[in-house]
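# Observations on chain architecture
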Amino acid sequence: MTVLGLTDWKVLIVDHEKCGACHICELICSFTKEGVFSPTISRIRIRESPMDETILVCQLCKIAKCIETCTFGALSRDEKTGAIVLDYEKCRGSKCGDCVSACPYGAIFVDPRTGRVLICDLCGGEPACIRWCPRGAILFDFPEGEKAALKQKAERKLVAYKKGVRG
Amino acid sequence: MNGWVKNILYVDLSRGKISKEDVPKRISEYIGGRGMNMRLLFDLTPPRVDPFSGLNPLIFGVGPLVGTLAPASCRFNVTTKSPFGYLGDSNCGGDWAATLKYAGYNHVVVLGRSDKPVYLLIDDENVELRDAGDLWGLDTWETQKLLCEEHGEDFRSVCIGPAGENLVRFACIKTGLKHAAGRTGTGAVMGSKRLKAIAVRGTGSVSVAYPEKFMEAVERAYGMINDLIEVRGYKSPVAGTYGYLWWLHDKNCKLGVMHHRYGSWEDAAKLDPIHYHRNYRIKIIGDFSCPVQCVPRFKVNERLYGEGPEYELVNSFGSMVGNPDLKSVLEACVYAEKMGLDGDSAGRVIAYAIELYEKGILTSEEVPFPLRWGDGEGVLELLRMIVYRRGIGNILAEGEALASKIIGRGAEKYALTMKGLELHEPLKSGYGHALAHSTSTRGPDHLRSSHHPEHSNTPEQCMRLLGDPTQADRYVSEGKERMVVFNEYTSAFIDSLGCCKFLSTWGSILEGMSLTPEIWAELYKYATGVEINGKALLEAGERVYNIERAFIVREGVRRQDDVPPEREFSEPYPTGKMKGFRLDRERYERLLSAYYELHGWDENGIPTESRLKKLGLGDLIEPLKRAGIELKNIDFGNGRDYITLLR
């Protein structure tokens, strides 16, 4: 399997074995970015099924399909952090949604109330979720050695999840 | 609004009418969740109503902290008049509570009865009743799965299983694989309304009044929790509350064994949580917004898997029925989860049947096979008979108290129930313990109050923190009411806020084994903007507890209903570290009187006019009098000193 997400930057790597599915990452994300508590406008998501959970978050692909897909030039790479940043002035939101379907990991979301597109911007280089995760299940590191394996495992899970949702 | 969200949802199943009301301003007097539920229950329920009639409301409520980052703020209360006769109220985790809040509702009040099975679909502001014909008969796991398939994976549901549909009196309401509003038969009331499920999607948010200060308070609370877990080994890393089995059994003699005959048990070693941990546990997960994380997930084989079990179910299907085989215990647990059966009551009712058979009161013509202790297969078969009300199961499905009356022939003598509900633990493991369980407004268990120093603290600790070393002595009765009352108010406010008792009442407040009322008051204050401190929060807890008491008094509870069953006074422990001990009636009655006095209730346990007025509950007086209850006007002085006794 090609590792689509191989990157030159520090990236959020989720250890699914450690994750306790407590949704604290979603809550701190929506609070940090939006000032309220609401998992449906979080940029990291825990999707639960009986006996299992999948954590969706931007994998910082080296060749980012979302940027390539966007016909409005709304998505670009932050050269410092590597994060995919969104220009809301240019973005057409849920009216377009091309990036949402292009992301192989299902890690780009739409705010159901406003139609805004939501994507993790790594909080400018200091992600709030890693500090609040009570299980230390989210790492923020370069995907090398063991961590590359961990990331690959997470990616597979995300891809499988996206396929499952589409049917 | 901050903390709370906008609406209370009213659903009339008889007329198929749905309406919304704004949350009243006075909600802050009752905090929300359990507290506001109680106010609604008292106001909406006609006295002595038949619990299965359409006039009995079924009320779901979430507190102001639910859906925020406050630790373990994920819980809801279901409140109704119980099929056991008095207060039906149960608290439950999972992520349904937060979802309901994000949809914009603090409470859902269900009234009436539907002619055919229905479920309530709440998609943010769009609410409708749907036909549940194809869900009726399904178990709780299948029901939730189908609802997700039909409406989307973001929907979270509470539902009943076949036990609730068949009006098994101890049926519960379920969400997720294991979360249950377990005791007091709320699932049977839901079944009587033919309401199969409430499926909710919420895409809104919860905001707080002072975001920065709120987050500072949350960080302080998290700091305390880390300290509890890492320094004091608070959480059982092995298997959640199941890990407490030893604490209950060996040292404290309050593990119910074979219908509470014993308080400790030789075979407990075979149920050691370490076996579970090594053989079946996959990992431990956490409830919504909970940093403690005490939910173990297990898999025995492709067919037998799930979450939990809590200590209560291991107790019920293990020691209570004398069964030391872990695999069959897990099988019974999962069966109860799926069918929507309160495992706590179920294990006790089965144990009661085994004892009656042993005593010759139930004869071999009446039972399908010889009832024996330790028969895992037999337990499963009895569970099936209860759920589908077959044979003797039809009688046992009424619960121990009613079953004893139906069976008769002296069976009443062996029933261990209070306020219609089965005993949770043997009461003779300490006077404070006995008082806490016996006076509990909903029936005998540890979710209304507890007396932890008796089982967890040394005399030195109690001297230093309470100025009274005898609080640690379970054989002493004097002065035990203080801790019990304190914990009643703590659990009342924590349920009302929507957080978990694991972080309040259950950790002994001594030696900092739990979060203090002050930190909860801060979280509440900064979330809602209501000016409040720890003491005032405890007073709000007292207000809630008094509404509950007023409710059960109106339904007929008096002093004799706060006294343990005769067997706890006459049958000493035959084995264990407390061998030979039984409660002394005279001493218990003295303790009960002191407890009433501290509450400002009369000698019959009826709240006094003066105390109700002091608590701002003057408007309960008229309805109580109309129901023929005489309220006294005794001034007990400042009975609330206990608040200053504890840090």
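Just above, that's the structure.
Residues take numbers from 1 onward in each chain, read along the sequence in its written order. Starting at A for chains and at 1 for ligands, labels are handed out in the order in which the entities are written. Note on the predicted model: pLDDT of at least 70 is required for a residue's local features to be given, and 80 or more for side-chain atom pairs to be given and counted; whole-chain, interface and lining totals, by contrast, use all residues. Side-chain figures throughout are based on the complete set of non-hydrogen atoms in the structure, without hydrogens or water.

Side-chain rings of Phe, Tyr and Trp (the six-membered ring for Trp) are treated as a pair once their centres are within 6.5 Å; stacked means planes under 30 degrees apart, edge-to-face means over 60, and tilted covers the remaining angles. For the coordinates displayed, the defined rule picks out 19 aromatic pairs over all chains. Taken together, the ring pairs connect Phe-31 and Phe-37 of chain A together with Phe-214 of chain B into an aromatic cluster. In our convention, an over-ring charge means Lys NZ or Arg CZ found within 6 Å of a ring centre and within 35 degrees of that ring's normal. One residue, Arg-554 of chain B, lies across the ring of Phe-42 of chain B, its end atom 4.3 Å from the ring centre. The ring of Phe-569 of chain B carries Arg-585 of chain B above its face, with NZ or CZ at 4.2 Å from the centroid.

As a working rule, side chains carrying opposite charge can pair if their charged atoms are close by. All names here are of chain B. Put simply, a salt bridge is a Lys or Arg side-chain nitrogen that is within 4 Å of an Asp or Glu carboxyl oxygen. Counted by the stated rule, this structure contains 65 salt bridges over all chains. Among the salt bridges present, the one from Arg-26 reaches Asp-619, with a minimum N-O distance of 3.2 Å. Taken as a pair, Arg-26 in the loop between strand S2 (17-22) and helix H1 (27-30) and Asp-619 in the loop between helix H24 (609-614) and helix H25 (621-626) lie far apart in primary sequence, 593 residues in all. Summary of the burial criterion: residues with accessible area below 20% of their type's maximum are buried, those above 50% are exposed, and those between are partly exposed, where the area comes from a 1.4 Å probe applied to protein chains only. Taking relative accessible area as the criterion, Asp-619 reaches 36% and is therefore assigned partly exposed. Every helix listed is a DSSP run of H or I at least four residues long, and every strand listed is a run of E at least two residues long, numbered separately from the N terminus.

As defined here, a cavity is a set of points on a 1 Å grid over the protein atoms alone where a 1.4 Å probe fits but cannot get out. A pocket is an open set with protein on both sides within 12 Å along at least five of seven lines, and residues line them when an atom is within 4 Å of a point. Grid points are joined across faces, edges and corners, and a volume is the space filled by probe spheres set on the points. In this structure, the largest pocket occupies an estimated 890 Å³ of space. Lining the largest pocket are 36 residues, with Glu-48, Ser-49 and Pro-50 of chain A together with Cys-148 and Arg-156 of chain B positioned closest to its centre. Elements with a minimum of two residues in the lining of the largest pocket: strand S2 (45-49), strand S3 (52-56) and helix H5 (146-166) of chain A together with helix H4 (140-151), strand S9 (156-159), strand S14 (295-299) and strand S15 (305-307) of chain B. The element that contributes the greatest number of residues to the lining of the largest pocket is H4 of chain B, accounting for 6 residues.

Another point: the nonpolar core. Residue and element names in this part refer to chain B. Among the nonpolar cores identified, the biggest contains 189 residues, and Phe-60, Leu-69, Ile-122, Phe-214 and Trp-520 are the most heavily contacted of them. Tallying contributions element by element places helix H21 (residues 534-554) first for this core, with 10 residues. Here a residue-residue contact requires only that any non-hydrogen atoms of the pair lie within 4.5 Å. With sequence-adjacent residues up to four places away left out, Trp-520 is seen in contact with Leu-65, Pro-71, Phe-493, Ile-494, Leu-497, Cys-499, Leu-503, Ser-504, Leu-515 and Leu-537. In this structure, Phe-52, Ala-188, Met-339 and Leu-380 belong to the second largest nonpolar core, which totals 68 residues. Among buried residues, the Ala, Val, Leu, Ile, Met, Phe, Trp, Tyr and Cys ones that are joined through side-chain atoms within 4.5 Å form a nonpolar core.

Residues and elements named next belong to chain B. DSSP-based pairing: two strands are paired if at least 2 bridges between them are found. Strand order in this open sheet of 6 strands is S2-S1-S6-S3-S4-S5, and the pairing throughout is mixed. Taken across any chain shown, the strands that pair with only one partner, and hence form the sheet edges, are S2 and strand S5 (87-92). Across this sheet, the average inter-strand angle for adjacent strands is 15°, counted without regard to direction. Here 4 bridges tie strand S3 (residues 58-62) to strand S6 (residues 105-111), and the two strands are oriented antiparallel to one another. Its bridge partner lying in S6, Gly-61 is registered against His-107. Sheet strands in contact with helix H3 (residues 96-103) are S3, strand S4 (76-81) and S6, and its direction is about 100° off that of S6. All axes are obtained by fitting lines to C-alpha atoms, using only the stretch in contact for helices, and the reported angles, taken between N-to-C directions, cover 0 to 180 degrees.

Next up on the list: the pairing of strand S12 (residues 195-201) of chain B. Residue and element names in this part refer to chain B. Burial analysis of S12 places 6 of its 7 residues in the buried class, the great majority of the element. Relative to S12, strand S7 (residues 118-123) is paired through 6 bridges, and the arrangement is parallel. Looking at S12, one finds that Tyr-119 is bridged to Ala-197. Examined bridge by bridge, S9 and S12 share 4 bridges and lie antiparallel to one another. The partner of Ser-157 across the bridge, within S12, is Ala-199.

A few words on helix H13 (residues 376-387) of chain B. Working note: α-helix, 3.6 residues per turn, so residues spaced by three or four point in the same direction. All names here are of chain B. Taking 1.5 Å of rise per residue, 12 residues should cover 16 Å, and H13 covers 17 Å from first to last C-alpha, within 8% of that figure. Within H13, 9 of the 12 residues are buried, leaving the element largely enclosed by the surrounding structure. Gly-376, Gly-378, Val-379, Leu-380, Leu-382, Leu-383, Met-385, Ile-386 and Val-387 are the residues of H13 that are buried. On its buried side, H13 packs onto helix H5 (162-165), helix H10 (311-317), helix H11 (326-339), helix H12 (343-358) and helix H14 (392-396). In this analysis, the expected span of each helix is defined as 1.5 Å times one less than the number of residues it contains.

To continue, consider the interface of chain B and chain A. Between chain B and chain A, the residue contacts involve 39 residues of the former and 30 residues of the latter. Across the chain B to chain A interface the summed buried area is about 2,700 Å²; carbon plus sulfur atoms make up 57%. The interface formed by chain B and chain A includes 6 salt bridges. A salt bridge links Asp-154 of chain B to Arg-47 of chain A, with the nearest nitrogen and oxygen atoms 2.3 Å apart. Contacts described as polar in this section are N or O atom pairs within 3.5 Å, which, within protein, must combine one atom able to donate a hydrogen with one able to accept it, while residues neighboring in sequence count only if both atoms come from side chains. Joining chain B to chain A, the criterion identifies 17 residue pairs in polar contact (both at pLDDT 80 or more). Here's the idea: put two parts together, see how much 1.4 Å probe accessible area each one loses, and the total over both is what we call buried area.

By themselves these figures say nothing about function.
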